Amino acid sequence: MNRISITTCALCMSLAASAQVNYTIKGSATGMDGQTVYLNDAESGEAAAMDSVIISNNTFTFKGTQPKACFATVSAGRARTTLILEDGTINVSLDKSSGKATGTPSNDILEACNEKINAFNNEYKALRKQASELKEEDKDKMLELEKSWEDVSNRQTAVVKECINQNLNNIVGAQLLRRFESSLSSEEVTKILAAASPVMKENGYTQAVIKHQTAMKRAEVGQKYTDVKLKDVNGKEVALSDYIGKGKYVLIDFWASWCGPCRGEMPHVKAAYEKFASKGFEVVGISLDSKKEAWLKGIKDLGITWPQMSDLKGWKCEGAAVYGIRAIPATLLVDPNGMIIGKSLRGEEIEKKLSEVLK
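Rules used in this analysis
- Residues numbered from 1 in each chain as written.
- Predicted model: local features only at pLDDT ≥ 70, side-chain atom pairs only at ≥ 80, totals over all residues.
- Heavy atoms only, no water.
- Core = buried A, V, L, I, M, F, W, Y, C linked by side-chain atoms within 4.5 Å.
- Buried < 20%, exposed > 50% of the residue type's maximum accessible area, 1.4 Å probe, protein only.
- Helix = DSSP H or I, 4+ residues; strand = E, 2+ residues; numbered from the N terminus.
- Contact = heavy atoms within 4.5 Å.
- Arc of directions from axis to C-beta.
- Axes fitted to C-alpha atoms, helices over the stretch in contact; angles between N-to-C directions.
- Left-handed = near helix turned anticlockwise from the far one by under 90°.
- Nonpolar A, V, L, I, M, F, W, Y, C, P; charged D, E, K, R; others polar.
- Pairing = 2+ DSSP bridges.
- Phe/Tyr/Trp six-rings, centres within 6.5 Å; stacked < 30°, edge-to-face > 60°.
- Disulfide = S-S within 2.5 Å.
- Polar contact = N/O pair within 3.5 Å; in protein donor to acceptor, adjacent residues only side chain to side chain.
- Salt bridge = Lys/Arg side-chain N within 4 Å of Asp/Glu carboxyl O.

## Points about the nonpolar core
So, point 1. Residues Leu240, Ile252, Phe254, Phe281 and Tyr323 are the most contacted members of the largest nonpolar core, which totals 46 residues.
So, point 2. Looking at this core, the elements that each hand over two or more residues are strand S11 (249-255), helix H9 (260-276), strand S12 (281-287), helix H10 (292-301), strand S14 (330-334) and helix H12 (348-357).
So, point 3. Excluding residues that lie within four positions of it along the chain, Phe254 makes contacts with Cys262, Ile286, Gly319, Ala320, Tyr323, Ile325, Ile328, Pro329, Ala330 and Leu332.
So, point 4. Grouped together as the second largest cluster of nonpolar side chains are 32 residues, Val160, Val172, Ile192 and Val199 included.

## Examining H10
So, point 1. Within the sequence span of H10, burial applies to Trp295, Gly298 and Ile299. Across the axial projection of H10, the buried residues extend over an arc of 100°, all falling on one side. Opposite its buried face, H10 presents the exposed residues Glu293, Lys297 and Lys300, each directed more than 90 degrees away.
So, point 2. As for H10, its buried residues are in contact with strand S9 (229-231), S11, H9, S12 and strand S13 (308-309).

## Some details on the packing of helix H2 (residues 105-118) against helix H5 (residues 172-179)
For any two helices packed against each other, the geometry is given by the interaxial angle and the distance between the axes.
So, point 1. At a closest axis distance of 10 Å, the pairing of H2 and H5 adopts a crossing angle of 35°. Helix-helix and strand crossings are classified by hand; for H2 and H5 the assignment is right-handed. In this structure, H2 contributes Ser106, Ile109, Leu110, Cys113, Asn114 and Ile117 to the contact, and H5 contributes Val172, Gln175, Leu176 and Arg179.
So, point 2. Taken together, the residues of the contact of H2 with H5 sort by class into 6 nonpolar, 3 polar and 1 charged.

## Thoughts on the sheet that holds strand S2 (residues 36-41)
So, point 1. Reading across the sheet, the 4 strands line up as S3-S2-S5-S6 and stay open at both edges, with antiparallel pairing between neighbours. Sheet topology places strand S3 (49-54) and strand S6 (79-85) at the edges, where each strand pairs with a single neighbour. Strand-to-strand, the axes of this sheet are offset by a mean angle of 20°, without reference to chain direction.
So, point 2. Across 4 bridges, the pairing between S2 and strand S5 (residues 70-76) is antiparallel. By the bridge assignment for S5, Asp41 is matched with Ala72.
So, point 3. Running over the sheet, H2 touches S5 and S6 and is turned about 135° from S6.

## Quick word on the pairing of S5
So, point 1. Burial within S5 is extensive, with 7 of its 7 residues counted as buried.
So, point 2. In this structure, S5 lies alongside S6, joined through 7 bridges in antiparallel fashion. Paired with Phe71 across the bridge in S6 is Ile84.
So, point 3. Counted along the chain from S5 to the antiparallel partner S6, the turn is 2 residues long, and its residue Gly77 has a positive phi close to 60°.

## Thoughts on the packing of aromatic side chains
So, point 1. For the coordinates displayed, the defined rule picks out 6 aromatic pairs.
So, point 2. Here the aromatic rings of Tyr124 and Trp149 are separated by 4.6 Å at their centres, their planes lie at 50°, and the arrangement is tilted. Linking Tyr124 in helix H3 (residues 121-132) with Trp149 in helix H4 (residues 139-165), this pair joins segments that are 25 residues apart in sequence.
So, point 3. Where Trp258 meets Trp315, the ring centres are 5.7 Å apart and the plane angle is 55°; that geometry is what we call tilted. Of this pair, Trp258 sits in the loop between S11 and H9 while Trp315 sits in the loop between S13 and helix H11 (318-322), and the two are 57 residues apart along the sequence.

## What about the state of the cysteines?
So, point 1. Summed over all chains, the structure comprises 1 disulfide.
So, point 2. Cys163 provides the cysteine sulfur closest to Cys113, a residue in no disulfide bond, and the two sulfurs are 3.5 Å apart.
So, point 3. For Cys113, a relative accessible area of 5% translates into the label buried.
So, point 4. Counting only cysteine sulfurs, Cys262 is the nearest neighbor of Cys317, a cysteine outside any disulfide, at a range of 12 Å.

## Quick word on the side chain of Ser310
So, point 1. Relative to the assigned elements, Ser310 resides in the loop between S13 and H11.
So, point 2. Take Ser310: its relative accessible area is 2%, and that puts it in the buried class.
So, point 3. There is a polar contact of 2.9 Å between the side chain of Ser310 and the backbone nitrogen of Leu312.
So, point 4. When neighbours within four sequence positions are excluded, Ser310 is seen to be in contact with Leu230, Lys231, Ser287, Asp289 and Trp295.

## Some details on the pattern of salt bridges
So, point 1. Going through the model one piece at a time under the given rule, you end up with 12 salt bridges.
So, point 2. A salt bridge links Arg155 to Glu123, with the shortest nitrogen-to-oxygen separation between them at 2.7 Å. Residue Arg155 is found in helix H4, and its partner Glu123 is found in helix H3; the two are separated by 32 residues along the sequence.
So, point 3. Overall, the relative accessible area of 32% leaves Arg155 in the partly exposed class.
So, point 4. Asp301 serves as the salt-bridge partner of Lys297, at 2.7 Å between the closest nitrogen and oxygen. Within this pair, Lys297 and its partner Asp301 are both found in helix H10, separated by 4 residues, close to a single helical turn.
So, point 5. Residues participating in the shared-partner salt-bridge network are Glu123, Asp151 and Arg155.

What follows is the structure, given as structure tokens:
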């Protein structure tokens, strides 16, 4: 395809994304007759159902209209694929664990990008197999595998960035940015957002990235803490401001009873609390649990005696979302003036930092 054709294609896609679209999904799902296949909204984060049909004679069909091009998922059992609802007929094929969508300009581009990105999967699989066969004493070999893994990851990330930058004028770039945001630095994400077209920026995936990037900035060292209101173990509403700004250094500890690394880290938090509590140190736990019984049991089993907060929404915890937390354990250390002076403190780093500020 020559340069003029590429530019024309991108322009057509941008115009299509801003106008009403009429789509038809022609699907095949061999060996899945009688199962229900669902068409769900993919951008809102709520997996809202848009339509559903029964697979018959290994086929299914969806037809509909949307105000503009948008992302959706088609799923049946464990089979699932993400596609773009746009003008035209979209061909979807599902097997027992995966799927693909082609047939319209944006979906063809997305599928081509996926093929390039997924081309590294066999390398990852081989490295995982080698790692599983190592013995505990094979530390040098493990270091070699870790370097190899990093090399594969860097090469894959380079492909991801190339695909995103080639699709800044359409919503394909939005989906890839959302999927691989964690593989990119904040500086790289900022640069991509600055270059993105209005069509890409207005997409729900891009809006989610912008929201997350804003939240992560609230957790940067040097920022004043942002207050959060949740419930304590007795169901009473409490806030971070009940503990922060009261003359103490406060460690905000994001954890969950189901999180193995969190449980492994807890003895370090406990040791720091016992050593520095009398010197002006407090810990406030924000739990990403979803079941109160498990949360309370975790507190008891781990011997946690400091204040706890949770909305019992699991990964949708509003307290974690405020600070852009997507992995736990995670910590923020706040000084008596409410300024964040440390983050991601783990193990002995907690006591080391407290020794510096609580002399």
